[in-house]
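# Close look at the chain arrangement
What follows is the residue order along each chain.
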Amino acid sequence: MTNSLITKKIIASSLKNLMETKSFHEISVSDIMQSCQMRRQTFYYHFVDKYELLGWIYKEETKENIEDFLDYEKWENIFDLLMDYFYENQRFYRRAFKVTDQNSFNQYLFEHTKNLYIKIIDELLTDKPIHISEANKNMVASFYSHGFVGTIKDWIEHHCSIQPSVLSSLIKEMIRNQLLLLEQTGNKPK
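Going along each chain's sequence as written, the residues are numbered from 1 onward. The predicted origin of the model limits local features to residues at a pLDDT of at least 70 and limits the giving and counting of side-chain atom pairs to 80 or more, whereas totals for whole chains, interfaces and linings rest on all residues. The side-chain figures draw on all heavy atoms in the structure; neither hydrogens nor water molecules are used.

The protein carries the name Dihydroxyacetone kinase transcriptional activator DhaS in an unreviewed UniProt entry, which gives Paenibacillus oleatilyticus as its organism.

Printed below as a string of structure tokens:
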């Protein structure tokens, strides 16, 4: 890991820790840098402002928890990992979901989970006599991604009252049921 990446992660960790007790809008760059015991100029060497830092956290952590696993991990395991991750970081994300002006977490999570859903659809349809056009696949993936983001947001806002493993199982079951529905409707290749 490069020194620049290490520094960014330290600064990001500082913001995440501060957001456990304060809203994003109450936190200044000075607060972030004082918390991690670095000079304020160091912040501006890596980020333009705190919104860019927040966006970097979303990109980096969503990538680490979804994108990095897409090629070698079963999709079911990715959902398990995601639920555990959000459960462990729920205080930060409870406040992060409230930031809607710039770098909305909803949009980052939507984009990354849409890619995951496209992979799931492709995987579930392997060796099945079902044809789905790319446009329909994108629509289905968008639908499930919006539903996933809303579900995660509600779950986190309600202090993760359902255990992560239970929520993950419910989501995986809904995905499998959708495939069964596609098979029953007779969406056969033309």
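Now that the structure has been shown, the text picks up again.
### Notes on the UniProt feature "DNA-binding region" (unreviewed entry) in the protein
Quick reminder of the rule: UniProt positions are given in the numbering used here, feature names are shortened, and annotations may be inferred rather than shown by experiment. Only DSSP runs of H or I reaching four residues or more are called helices, and only runs of E reaching two or more are called strands; each is numbered from the N terminus.
With numbering matched to this structure, UniProt assigns "DNA-binding region" (unreviewed entry) to residues 28–47. Helix makes up 70% of residues 28–47 and strand makes up 0%, while its end C-alpha atoms are separated by 13 Å.

### Thoughts on a nonpolar patch on the surface
Spelled out, the test is: Only residues whose relative accessible area exceeds 30% and that take part in no salt bridge are eligible for patches, with like-charged residues grouped when within 9 Å of each other and nonpolar side chains (Val, Leu, Ile, Met, Phe, Trp, Tyr) grouped when within 5 Å. Areas reported as accessible are Shrake-Rupley estimates using a 1.4 Å probe. Residue values count occlusion only from the protein chains shown. The term salt bridge refers to a pairing of a side-chain nitrogen on Lys or Arg with a carboxyl oxygen on Asp or Glu at a separation within 4 Å. A simple rule labels every residue: compare its accessible area, found with a 1.4 Å probe on the protein chains alone, to the largest value its type can have, and call it buried under 20%, exposed over 50%, or partly exposed in between.
On the surface, Ile-162, Val-166, Leu-170 and Met-174 cluster together into a nonpolar patch covering about 340 Å² of accessible area. Under the relative-accessibility criterion, Leu-170 is labelled partly exposed at 46%.

### A few points about the UniProt feature "domain: HTH tetR-type" (unreviewed entry) in the protein
Taking the numbering used here, the UniProt-annotated feature "domain: HTH tetR-type" (unreviewed entry) corresponds to residues 5–65. In the segment residues 5–65, helix accounts for 72% and strand for 0%; the C-alpha atoms at its two ends are 17 Å apart.

### Digging into the nonpolar core
Within soluble globular proteins, side chains that are nonpolar generally end up buried alongside one another. The criterion, for reference: Residues enter a nonpolar core if they are buried and are Ala, Val, Leu, Ile, Met, Phe, Trp, Tyr or Cys, with the set joined through side-chain atoms within 4.5 Å.
Counting 57 residues, the largest nonpolar core has Phe-79, Phe-86 and Ile-152 as its most contacted members. If you list the elements that add at least two residues to this core, you get helix 1 (3–18), helix 2 (29–35), helix 4 (50–65), helix 5 (75–88), helix 6 (90–96), helix 7 (105–125), helix 8 (134–157) and helix 9 (164–184). Element by element, the count of residues in this core is highest for helix 7, at 10 residues.

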